[in-house]
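Letter by letter, the chains look like this.
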Amino acid sequence: MISQPFIGVGLRSPHYHDILEQKPNIDWFEVHSENYLVDGGLVLAMLSSIRKDYPVSMHGVGLSLGSAQGIEDSHLGRLKKLADYLDPFLISEHLSWNYVDNTYLPDLIPVPYTDDAIQVFCRNIERTQDFLQRQILIENPSSYMEYVISNYSEPEFLTKIASKSGAGILLDVNNIYVSCVNHGWDAKAYINSIPKNLVKEIHLAGHSVKEIKDQKLLIDTHDNFVCQEVWELYALAIQNFGNVPTLLEWDSNIPALSVLVTEALKAKQFCKTLECENVDA
Amino acid sequence: MSTLETLQKKFCSAVILGGEHEELFLPEIKLLRISPNDLLKVYRNGIFENLRNALKLTFTGIWSLLGDECANSIAYAFSKEIKNLPNTSVLDDWGGAFPDFLGTLQAISSLPYLKDYAHFEWLYHLSSCAENVPSLSLDILKTIDEEQADGSRFSFHPSVFLFESTFPIDLINNVVTNPDADSFDLHLKPTYVIIGRSNSRSSVHFISKSYWEFFACLKNKYSLQEAYEEVQSVEEFDLVRALSLLLSNNFIHSIV
């Protein structure tokens, strides 16, 4: 476990030049794997330059670990090539699916929480870990619908998969908040039910509120500051799981790099404050 | 087929095709405070928005020429056809069918150049993310005598693409990339282009027909002598300048 707070931000193309010029005071960057699965060119060159100064993690949205038809060989091969090139300290994917019948649907679509789906995830995760020769982390998604046939709660489902497959958990605290508000789940109970040893990374992000016929639905838009409720859940998460690497995501309406870094450093302050409180206690 | 696989197929049909396919999927969603129909719509909107954004990133000029509203509608119509959906989660690989789709739309048939401009943008995109391979060192050229040079064949850098159009792509491109440019006069003026990458960035060169034909011959593995014979009767053709364009821009990978 990392004893000091280790806080990163998502690497986004509008910030490439500022990062290289300003060398911001941030511990690491997360890259969306699919943005760099190209054979060459400017984006890889920029990433390569930034990698010289910072550790990076690879965070995928397209491996589709929940696909009943399995995962794409070619995608796995491209991920391995990028991982060999970048030497990331973490590789993560999502507890979702988006690929069926040779068609990719670009979103993080939830699966029903059933034994059938646990088997599918474990098979796909084990294959991925064998191929990459390393552990991967699985992130809980934000979700807007639940399936009638689900017979596990999301944290139970996630924990079972991680325990059986040997994957770690990337706990997205904003996603927990979004899903809990949308489905009427208890966010604190969710966090408290996850075994401490499984969580290897935490995500923070902003979300937005959509009104549908007088009902509010939270959408995981990553286009805003982290809300107070999510900061409070983050405090609980780091009390439970310690100073695991924490990342601030911001993917739409992307602000200046300085705004992003300042927001991310709030997480560092949170960790330090809690550390002091624990020492005082 | 497992329950999960059946459900995933049903979701895909419901989101893309709607109608009766949607009705078949909706009972899978737990009925809570928001209707299953509205919840499915959230996913549908997210998927189509992500597809639209991917197309917009690749075809920025098309969005600029058509305006957001019109271009977004066309992107939606394109993505509604299952055969056009991506078959890979790397969206940089996706969009090659969009230019031809533009050419089929009655609503924009008064803008016949859009299809060609979109083809041009697609090739620029392919060039931008083509494989990194070394370019030919000029030092190697110094070791080749005249007789060897005549029979030599060039292997182009993977980022190099040739494109021709009956429309003034150079003028259209000027309007797209330069906000202060005057609108272009749409007349049939053939355009010949070579696109390639030098030092990570792709560049576009509008060239004459004879240069284009010469480069096309070289790309098709004609020897230097054979390619030159195809264009030597053209008065404006300058062999040294043509080769210089290729070499100074690092468009040649190797020589055989």
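Note that the structure is a prediction, hence the values are computed from the model and not measured.

Draft legend 1. The overall build of chain B, seen in detail. When helices and strands are counted, chain B shows 13 helices and 5 strands. Its C-alpha atoms give chain B a radius of gyration of 24 Å, clearly above 18 Å, the size a compact globule of 256 residues would have. Dimensions along the principal axes, computed over C-alpha positions, put chain B at roughly 80 × 45 × 25 Å. Considering chain B as a whole, with its 256 residues, one finds that 36% of them fall into the buried category.

Draft legend 2. Representation of the overall build of chain A within the structure. A tally of helices and strands in chain A yields 9 helices and 12 strands. Since a compact globule built from 281 residues should have a radius of gyration of about 19 Å, the 18 Å found for chain A is in line with a globular shape. Seen through its principal axes, chain A has C-alpha atoms that stretch 50 × 50 × 40 Å. Taken across its 281 residues, chain A has 48% of its residues classed as buried. The long-range share in chain A, meaning contacts at least 24 apart out of those at least 6 apart in sequence, stands at 76%.

Draft legend 3. Structural context of the pairing of strand β1 (residues 7-10) of chain A. Residue and element names in this part refer to chain A. Burial along β1 is two-sided: Ile7 and Val9 facing one way and Gly8 and Gly10 facing the other are all buried. Direction of pairing for β1 relative to strand β12 (residues 246-249): parallel, over a ladder of 3 bridges. Within β12, the residue paired with Gly8 across the bridge is Leu247. As defined by bridge partners, β1 adjoins strand β2 (residues 28-32) across 3 bridges and the pair is classed as parallel. Bridged to Gly10 within β2 is Glu30. For the crossover that starts at β1, traverses helix α1 (residues 16-22) and ends in the parallel β2, the hand is right-handed.

Draft legend 4. Representation of the interface of chain A and chain B in the model. With 39 residues of chain A at the interface, the matching set in chain B holds 41 residues. For the side of chain A that touches chain B, the per-class residue count stands at 22 nonpolar, 11 polar and 6 charged.

Draft legend 5. Molecular detail of the sheet that holds β2(A). The strand order β1-β2-β3-β4-β7-β8-β9-β12 (chain A) describes a closed barrel built from 8 strands, whose pairing is parallel. Each strand axis lies, on average, 30° off the axis of its neighbour in the sheet, ignoring direction.

Draft legend 6. Inspection of the pairing of strand β5 (residues 97-100) of chain A at higher detail. Residue and element names in this part refer to chain A. Judged from the 3 bridges that link them, β5 and strand β6 (residues 103-109) form a sheet pairing that is antiparallel. When the sheet's bridge partners are listed, Trp97 is paired in β6 with Ile109. Between the antiparallel neighbours β5 and β6 lie 2 residues, among them Asp101 with a positive phi of about 50°.

Draft legend 7. Molecular detail of unusual backbone geometry. All names here are of chain A. With a phi angle near 60°, Gln133 is a residue other than glycine that sits in the positive phi range. Mapped onto the elements, Gln133 comes out in the loop between α4 (115-132) and β7 (137-139). Of note in this structure, Asp214 is not a glycine but carries a positive phi near 70°. Structurally, the position occupied by Asp214 is in the loop between β10 (208-212) and β11 (215-219).

Draft legend 8. Examining the packing of α4(A) against helix α5 (residues 154-165) of chain A more closely. All names here are of chain A. Viewed as axis vectors pointing N to C, α4 and α5 meet at an angle of 40°, and their least axial separation amounts to 9 Å. Judged by the inter-axis angle, α4 sits oblique to α5. At the point where α4 passes α5, the crossing takes the right-handed sense. Packed against α4, whose contacting residues are Ile118, Phe121, Cys122, Ile125 and Glu126, the element α5 presents Phe157, Lys160, Ile161, Lys164 and Ser165 at the interface. Its residues placed into classes, the contact of α4 with α5 shows 6 nonpolar, 1 polar and 3 charged.

Draft legend 9. How the structure looks around the nonpolar core. Counting residues in each nonpolar core, the largest one holds 141 residues, and the members touching the most others are Ile138(A), Ile169(A), Val173(A), Leu204(A), Tyr234(A), Ala237(A) and Leu248(A). No other element matches the 8 residues that helix α7 (residues 113-128) of chain B contributes to this core. The residues that make up this core include at least three from each of domain 1 (1-111) and domain 2 (130-256) of chain B. Not counting residues within four places of it along the chain, the set of residues in contact with Tyr234(A) comprises Val173(A), Ile202(A), Leu204(A), Ala267(A) and Phe270(A).

Draft legend 10. Representation of the sheet that holds strand β3 (residues 191-198) of chain B. All names here are of chain B. The antiparallel open sheet is built from 3 strands, whose spatial order is β2-β3-β4. The open sheet has two edge strands with one neighbour each: β2 (161-165) and β4 (201-207). With direction set aside, neighbouring strand axes in the sheet form an average angle of 25°. In this sheet, β3 lies alongside β2 in antiparallel orientation, the contact comprising 5 bridges. Paired with Phe163 across the strands is Val193, a residue of β3.

Draft legend 11. Focus on the environment of Ile91(A). All names here are of chain A. Among the secondary structure elements, Ile91 is positioned in strand β4 (residues 90-94). Residue Ile91 is classed as buried on the basis of its 25 C-beta neighbours within 10 Å. Counting along the chain gives 46 residues from Ile91 to Leu137, while the straight-line C-alpha distance between them is 6.3 Å.

Draft legend 12. Representation of the domain arrangement of chain B within the structure. When the domains of chain B are assigned, the result is domain 1 (1-111) and domain 2 (130-256). Summarising the inter-unit geometry, the C-alpha centres of domain 1 of chain B and domain 2 of chain B are found 37 Å apart.

Conventions we followed
Residues numbered from 1 in each chain as written. Chains lettered and ligands numbered in written order. Predicted model: local features only at pLDDT ≥ 70, side-chain atom pairs only at ≥ 80, totals over all residues. Helix = DSSP H or I, 4+ residues; strand = E, 2+ residues; numbered from the N terminus. Rg over C-alpha atoms; globule rule 2.2 N^0.38 Å. Buried ≥ 20, exposed ≤ 12 C-beta atoms within 10 Å, placed from the backbone. Contact = placed C-beta atoms within 7 Å. Pairing = 2+ DSSP bridges. Right-handed = clockwise from strand over helix to strand, strands pointing away. Nonpolar A, V, L, I, M, F, W, Y, C, P; charged D, E, K, R; others polar. Axes fitted to C-alpha atoms, helices over the stretch in contact; angles between N-to-C directions. Parallel < 35°, antiparallel > 145°, perpendicular 65-115°, else oblique. Left-handed = near helix turned anticlockwise from the far one by under 90°. Core = buried A, V, L, I, M, F, W, Y, C linked by C-beta atoms within 7 Å. Domains from an automatic or database assignment.

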